[in-house]
Amino acid sequence: MPLFRNIHHNPEFFPDPKHFDPSRFEVAPKSNTFIPFGNGVHACPGNELAKLEMLIVVHHLVTKFRCEVVGQQRGIEYGRFPVPQQGLPAKFWKEVFNHQI
Ligand code: HEM
């Protein structure tokens, strides 16, 4: 199995790879350099479901809730997948928005 983390942290493909910069994806990455769901015969079969779930969760969070991070952030832990060190405690509250289309 390829080491996806190494590919995703290769500065040749992702300059300053440890810097959280979602805007880097405004330009599509070079093919076969961004493979969060793996590839080949064992590529993740839950790929499309996972993306749909993320889209639904983010949609509801940004349209119905407000949030803020509680306490200080302590960096990123680089295991097989990057995760916030000691979790990412956050507070969410429901907000009533006046959506007029
Ligand atoms: C953000 C969410 C997810 C990520 C980043 C992810 C990532 C991955 C990765 C990197 C692999 C290994 C691919 C390889 O070996 O080349 C994998 C395998 C797998 N994933 Fe996911 N996955 C996610 C969600 C899901 C979901 C929602 C399901 C099922 C509902 C799922 C089911 C599986 C299964 C069964 C395998 C093993 C496939 C095999 O060995 O043939 N995954 N996933």
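See the structure printed just above.
So, a few notes on the structure that sits alongside this text. Every chain begins its residue count from 1, and numbering advances along the sequence as written. Local features in this predicted model are restricted to residues of pLDDT 70 or higher, and side-chain atom pairs are both shown and tallied only at a pLDDT of 80 or more, whereas totals for entire chains, interfaces and linings draw on every residue. Working from all heavy atoms in the structure, the side-chain values ignore hydrogens and water.

**Regarding the overall build of the protein chain**
Per the convention used, a helix needs a DSSP run of H or I reaching at least four residues, while a strand needs a run of E reaching at least two, with both numbered from the N terminus. From N to C terminus, the protein chain includes two helices and four strands. For the protein chain, the succession of helices and strands along the chain, N to C, is α-α-β-β-β-β. Using C-alpha atoms as the atom set, the radius of gyration is obtained and then compared with a globule rule of 2.2 Å times the number of residues to the power 0.38. Here the C-alpha atoms of the protein chain give a radius of gyration of 17 Å, more than 25% beyond the 13 Å that 2.2 N^0.38 yields for 101 residues. Projected onto its principal axes, the C-alpha positions of the protein chain cover 45 × 35 × 25 Å. Per-residue accessibility, obtained with a 1.4 Å probe over protein chains only, is compared with the maximum for each type, and a residue is labelled buried under 20%, exposed over 50%, and partly exposed between these values. Out of the 101 residues in the protein chain, the part that is buried amounts to 6%. The long-range fraction of contacts in the protein chain, counting pairs at least 24 apart against all pairs at least 6 apart in sequence, stands at 46%. As displayed, the protein chain has an accessible area near 8,800 Å², and 60% of this comes from carbon and sulfur atoms. Two residues qualify as a contact provided that any one of their heavy atoms is within 4.5 Å of a heavy atom in the partner residue. A 1.4 Å probe and the Shrake-Rupley method give the accessible areas. Residues count as covered only by the protein chains that appear here.

**Quick look at the coordination of the iron atom of the ligand**
Ideal geometry at a metal gives 109.5 degrees between four tetrahedral donors and either 90 or 180 degrees between six octahedral ones. Metal coordination here is assigned from N, O and S atoms located within 2.8 Å of the ion, or within 3.2 Å for Na, K and Ca; omission of water means that sites may look incomplete. Protein coordination of the iron atom of the ligand is limited to a single donor, Cys44 (SG), which sits 2.2 Å from the metal. With respect to the helices and strands, Cys44 occurs in the loop between helix 1 (4–8) and helix 2 (47–64).

**Describing unusual backbone geometry**
We note that Asp16 has phi near 50°; this positive angle belongs to a residue other than glycine. Summarising the element assignment, Asp16 is placed in the loop between helix 1 and helix 2. Taking the relative accessible area as the measure of exposure, Asp16 reaches 52% and is therefore exposed. With a phi angle near 65°, Asn32 is a residue other than glycine that sits in the positive phi range.

**Description of the packing of aromatic side chains**
Centres within 6.5 Å are what make two rings of Phe, Tyr or Trp a pair, Trp counting through its six-membered ring; a difference in plane orientation under 30 degrees is then read as stacked, over 60 as edge-to-face, and the rest as tilted. Evaluation of the coordinates by the stated rule reveals two aromatic pairs. With 6.3 Å between their ring centres and 50° between their planes, Phe14 and Phe25 make a pair best called tilted. One end of the pair, Phe14, is in the loop between helix 1 and helix 2; the other, Phe25, is in the loop between helix 1 and helix 2, and 11 residues separate them in sequence. We classify Phe25 as partly exposed; its relative accessible area is 39%. Between Phe25 and Phe34 the ring centres are 5.0 Å apart and the planes differ by 50°, which places this aromatic pair in the tilted class. Judged by relative accessible area, Phe34 falls into the partly exposed class, the value being 40%.

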